[in-house]
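Structural features, examined
For reference, the chains in residue letters:
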Amino acid sequence: MTKYNLFYRVKGRIIRELAPFMSDSEYLKILFKHKMGYSLDLEKPQTFNEKLQWLKLNDIHSEYTLMVDKYEVKKYVASIIGDSFIIPTYEVYEEVEQISFHKLPDRFVLKCTHDSGGVVICKDRFLFDVDNARKVLKNAYL
């Protein structure tokens, strides 16, 4: 890991730890600047990313919480269209250490429910790098 990457991760972690002491808009502005490299304009959002941040603060519906959780939304969709259209979930884990890799099928995908980057694809369990998979999933929580 380069010094820049380490600094970037530490800075991101500090921002998240300070979040409870900030308003939602203050937090989004600081995190946005950190991630995107330019200031967030919530008064007159112009870019797609600015508009998404505006929606986070102003377009609030209770079902959104359900819709962003990969595990929960599968149950919701199944209740509407039926289980036959849903890719099966083998297991749900709270921590990476709980994953029993030897119990998974020969091909599988591991996804974190809280983000879009914590994904590990296994095309052949016998060639699968378990240590790297654990690392990818743990980094998704940083």
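Quick look at the structure, then. Residue numbers run consecutively from 1 along every chain, following the written order of its sequence. Local features in this predicted model are restricted to residues whose pLDDT is 70 or higher, and side-chain atom pairs enter the listing and the counts only when it is 80 or higher, whereas totals over whole chains, interfaces and linings include all residues. Here the side-chain values reflect all heavy atoms present in the structure, with hydrogen atoms and water set aside.

**Thoughts on the overall build of the protein chain**
Secondary structure counts use DSSP, requiring at least four H or I residues in a row for a helix and at least two E residues in a row for a strand, with both numbered from the N terminus. Looking only at helices and strands, the protein chain has 6 helices and 2 strands in total. Tracing the protein chain from N to C terminus, the helices and strands come up as α-α-α-α-α-β-β-α. As defined in this context, the radius of gyration uses C-alpha atoms, and a globule is described by 2.2 Å times the residue total to the power 0.38. Relative to the globule expectation of 14 Å for 142 residues, the C-alpha radius of gyration of the protein chain, 19 Å, shows a markedly less compact shape. With the C-alpha coordinates aligned to their principal axes, the bounding extent of the protein chain is approximately 50 × 45 × 25 Å. A total of 142 residues make up the protein chain; the buried ones form 20% of that total. Here the protein chain displays about 11000 Å² of accessible surface, and carbon together with sulfur accounts for 57% of that area. Working convention for charge: Lys and Arg count positive, Asp and Glu count negative, and His plus the chain ends are omitted. By convention, the point assigned to a charge is CZ for Arg, NZ for Lys, CD for Glu and CG for Asp. Computing the positive centroid from 22 side-chain charges and the negative centroid from 20, the protein chain places the two 7 Å apart. Only protein chains enter the accessibility calculation, which uses a 1.4 Å probe. A residue is then buried if its area is under 20% of the maximum for its type, exposed if over 50%, and partly exposed in between. Computed by Shrake-Rupley with a 1.4 Å probe, the accessible areas treat only the displayed protein chains as cover when residues are assessed.

**Focus: the packing of aromatic side chains**
Whether two aromatic rings pair depends on their centres lying within 6.5 Å, for rings of Phe, Tyr and Trp, where Trp uses its six-membered ring; planes under 30 degrees apart make the pair stacked, over 60 edge-to-face, and the rest tilted. This model, assessed by the stated rule, comprises 3 aromatic pairs. With 5.1 Å between their ring centres and 90° between their planes, Phe-32 and Tyr-38 make a pair best called edge-to-face. Relative accessible area serves as the criterion here: at 5%, Phe-32 is assigned to the buried category. Given a relative accessible area of 29%, Tyr-38 falls into the partly exposed group. Aromatic side chains Phe-101 and Phe-128 sit 5.9 Å apart centroid to centroid with 40° between the ring planes, which places their arrangement in the tilted category. One end of the pair, Phe-101, is in the loop between helix H5 (70-81) and strand S1 (108-111); the other, Phe-128, is in the loop between strand S2 (119-122) and helix H6 (130-139), and 27 residues separate them in sequence. Judged by relative accessible area, which is 18%, Phe-128 ranks as buried. The rings of Phe-101, Phe-108 and Phe-128 are connected pair by pair, giving a single aromatic cluster. Stacked on the ring of Phe-126, the Lys or Arg Arg-125 has its end atom at 5.1 Å from the ring centre. Charge over a ring is defined by NZ of Lys or CZ of Arg lying within 6 Å of the ring centre and within 35 degrees of the ring normal.

**So, the nonpolar core**
Ile-99, Phe-101, Phe-108, Leu-110, Phe-128 and Leu-137 are the most contacted members of the largest nonpolar core, which has 13 residues in total. Counting residues per element, the ones that place at least two in this core are S1, S2 and H6. In what follows, residue pairs with any heavy atoms lying within 4.5 Å of each other are defined as contacts. Those residues in contact with Leu-110, other than ones at most four positions away along the chain, are Ile-99, Phe-101, Leu-104, Gly-118, Val-119, Val-120 and Leu-137. To qualify as a nonpolar core, a set must consist of buried Ala, Val, Leu, Ile, Met, Phe, Trp, Tyr and Cys residues joined through side-chain atoms within 4.5 Å.

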